Amino acid sequence: MSKPVRTRFAPSPTGYLHIGGARTALFNWLYAKKHGGDFILRVEDTDESRNTDEARAAIFEGLAWLGISVDEGPNEGGGCGPYNQSERQDIYEKWFQKLVVAGRVYEDAGAWRFRFERKPITMHDMVCGEVTIDYTDESINPDMTVKRSNGAFVFHFVNVVDDIEMGMTHVIRGEDHLMNTPKHLQLFEALGEEPPEYAHIPLILNQDGSKMSKRDEGAAVAGYSEMGFVSDAVVNYIAMLGWSSKGDQEVFSVDELVRYFDLEGVNRSGAKFDVEKCAWFNQQHLLAMGGDEFAALAVPYVEGAGVAVDGDYVRMAGSVQEKVKLLAEVPGMISFFRDGDYPFDDAAMEKVRGNEQAVVLLEKLAESFSGLSDWGEAKGSIGETAKANGAKPGQLMFPTRVALSGMMGGPDLGEILSILGQEESVRRLRRAIGELS
RNA sequence: GUACCUAUAGUGUAGUGGCUUAACACUCUCGACUUUCUAUCGAGCGACCCGGGUUCGAAUCCCGGUAGGUAUGCCA
């Protein structure tokens, strides 16, 4: 019987939560949840000069938005606290003394260095396999500082001590830490503790192949909501960057991800971030949800555009569920609805003008609309009007859409007609005819 | 510089020595849905970094290049 799984995400609060960090957190979380274990958040704020409160908040908010639940952490508490490294100085001091007693550290210019054992170190990484780094040559890997001259402990040391104290069983982290692992392994050995299992996952890269850093476009998790992404889609997409189920399925719910995720499916090469595909995932998740849920999610974006939303507006917003990839597209797509003087899109009008019969057909349609006793027949009458005048339904459908909305795309025509009503629809038709003549 | 990791269509992945005419998805183009825009479905374009070797047979194993990445801090 193996120990219950405990994984962690250990960010330093020096910027906003970025997509690479989010994925690292996600993999740890997925692994823990899959195995019924706990996911711990530990804030590595040992470098005071670089930490900010905003960055701390961004970590909490980002994880919360993504739906990555924290079992133990600064806000949740837990049996291994405190979870801010800045509050754990005494603990580090205690472990540091073990190193002193064992004679593994020595003073150097006021700082303390850890004496490496001069031998090859082999790690057994769950993703990278067996990797050996030779520590024989001191000039290549000089003894590392574990305690600064100002008394503060360095990352490698606190990281290891905390992983011991907090009982981590698996450490899943970015491949940029691969070369740090032998150092950590040496520390575990010197401290007389069993190291956790390690898994180094490939990095997320920019389109040009460089490591995605905090400054790069699309790097901030906080920006995704604003752009109109839903968190499940972002989670789904970043999970697919470097991991696959080995089958053809790509669209997963979070529950499915927990069920199917495994470290065997993680590959070893870096993945370039593709916003287009991320948007496609978003569309798939939008399509998969119920109409009410979609409308509820879309409304804040419409309100954000400065519009008071009433029942008809909610209905309108809901009608574009299968027309958008991003929720932020919704307000623009339905803005014509309450704006009687909506602008006509140039490209759309040009296309309509290219159809010589358009104006005549629209006039006939306006007449037909005016005479309708049952407005529910409106959409059908478009096709009938077209046929009655020797045209195909499609030749009138598009001009009608442009006339009513000013745009090439948008909600279903029937839905537009229905919500606009007879009088307003006729008025809009005549307005467009005037514009075209 | 040195070490380590990686290398399949523009992008993300599958393929772990023969079942491969290298599969799936995004993007793009074109069709279908005798109704627009979407959605959906269908089709098309498009790849095994290079060179040796092992083998009857290599995208797959080995070696060497090349390219990219990461690490080489009293940052994390």
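> So what exactly am I meant to see when it comes to the side chain of S319 here?
Tracing the chain through its elements places S319 in the loop between α11 (311-318) and α12 (330-334). With relative accessibility at 15%, the residue S319 sits in the buried group. Within the structure, the side chain of S319 is placed 2.6 Å from the backbone oxygen of M316, a separation counted as a polar contact. In contact with S319, other than residues within four places in its own chain, are P411, D412 and E415.

> I tried to follow helix α3 (residues 89-101) on my own but got confused; where do I start?
In an α-helix there are 3.6 residues to a turn, and that puts residues three or four apart on one side. For α3, with 13 residues, the first-to-last C-alpha span of 18 Å sits near the 18 Å given by 1.5 Å per residue. Of all the positions in α3, only I91, Y92, W95, F96 and L99 are classed as buried. Down the axis of α3, the sector holding all buried residues measures 130 degrees, keeping them to one side. Seen from the buried face of α3, the exposed residues on the opposite side, beyond 90 degrees, are D90 and V101. Contacts made by the buried residues of α3 are with β3 (105-108), β4 (111-114), β7 (144-147), α4 (155-165) and α5 (181-191). Positive phi shows up at G103, right after α3, with a value of about 70 degrees.

> Explanation requested: the sheet that holds β4 in the structure shown.
If you walk across this open sheet you meet the 3 strands as β3-β4-β7, and the pairing is antiparallel. Among the strands making up the open sheet, the edge pair consists of β3 and β7. Direction aside, the axes of adjacent strands within the sheet are offset by 45 degrees on average. One ladder, built from 4 bridges, connects β3 with β4; its direction is antiparallel. Residue pairing across strands places D108 opposite A111, the latter belonging to β4.

> How should I be thinking about the side chain of R104 in this particular structure?
Mapped onto the secondary structure, R104 falls in the loop between α3 and β3. E117 provides the closest opposite charge to the buried, unpaired R104, separated from it by 4.0 Å. Leaving out residues up to four positions away in the same chain, R104 has contacts with L99, R113, F114, R115, F116, E117, Q186 and A190.

> Would you explain the protein's contact with RNA strand B in this entry?
In the region of RNA strand B, 57 residues are neighbours, and R148, E250, R268, E322 and R401 sit closest. Put simply, 74% of the atoms of RNA strand B that lie within 4 Å of the protein are in sugar or phosphate. Residue R401 places a side-chain N or O atom 2.2 Å away from a base oxygen belonging to RNA strand B. When residues of the surface near RNA strand B are traced back to their parent elements, those giving at least two are β4, β6 (129-134), α4, β11 (271-272), α9 (275-288) and α16 (393-405). Examining the composition of the surface near RNA strand B, we find that 5 residues originate from one element, α9, more than from any other.

> When you look at the confidence of the model for chain A in this model, what are you seeing that I'm missing?
Low-pLDDT portions of the prediction should not be read for the details of their coordinates. Per-residue pLDDT for chain A averages 91, and the proportion of residues at 70 or more is 99%. The complex prediction reports pTM at 0.93, with the ipTM value standing at 0.93.

Thresholds applied
Residues numbered from 1 in each chain as written. Chains lettered and ligands numbered in written order. Predicted model: local features only at pLDDT ≥ 70, side-chain atom pairs only at ≥ 80, totals over all residues. Heavy atoms only, no water. Helix = DSSP H or I, 4+ residues; strand = E, 2+ residues; numbered from the N terminus. Buried < 20%, exposed > 50% of the residue type's maximum accessible area, 1.4 Å probe, protein only. Polar contact = N/O pair within 3.5 Å; in protein donor to acceptor, adjacent residues only side chain to side chain. Contact = heavy atoms within 4.5 Å. Expected span 1.5 Å × (residues − 1). Arc of directions from axis to C-beta. Pairing = 2+ DSSP bridges. Axes fitted to C-alpha atoms, helices over the stretch in contact; angles between N-to-C directions. Lys, Arg positive; Asp, Glu negative; His and termini not counted. Salt bridge = Lys/Arg side-chain N within 4 Å of Asp/Glu carboxyl O. Near = heavy atom within 4 Å. pLDDT = per-residue confidence, 0-100.

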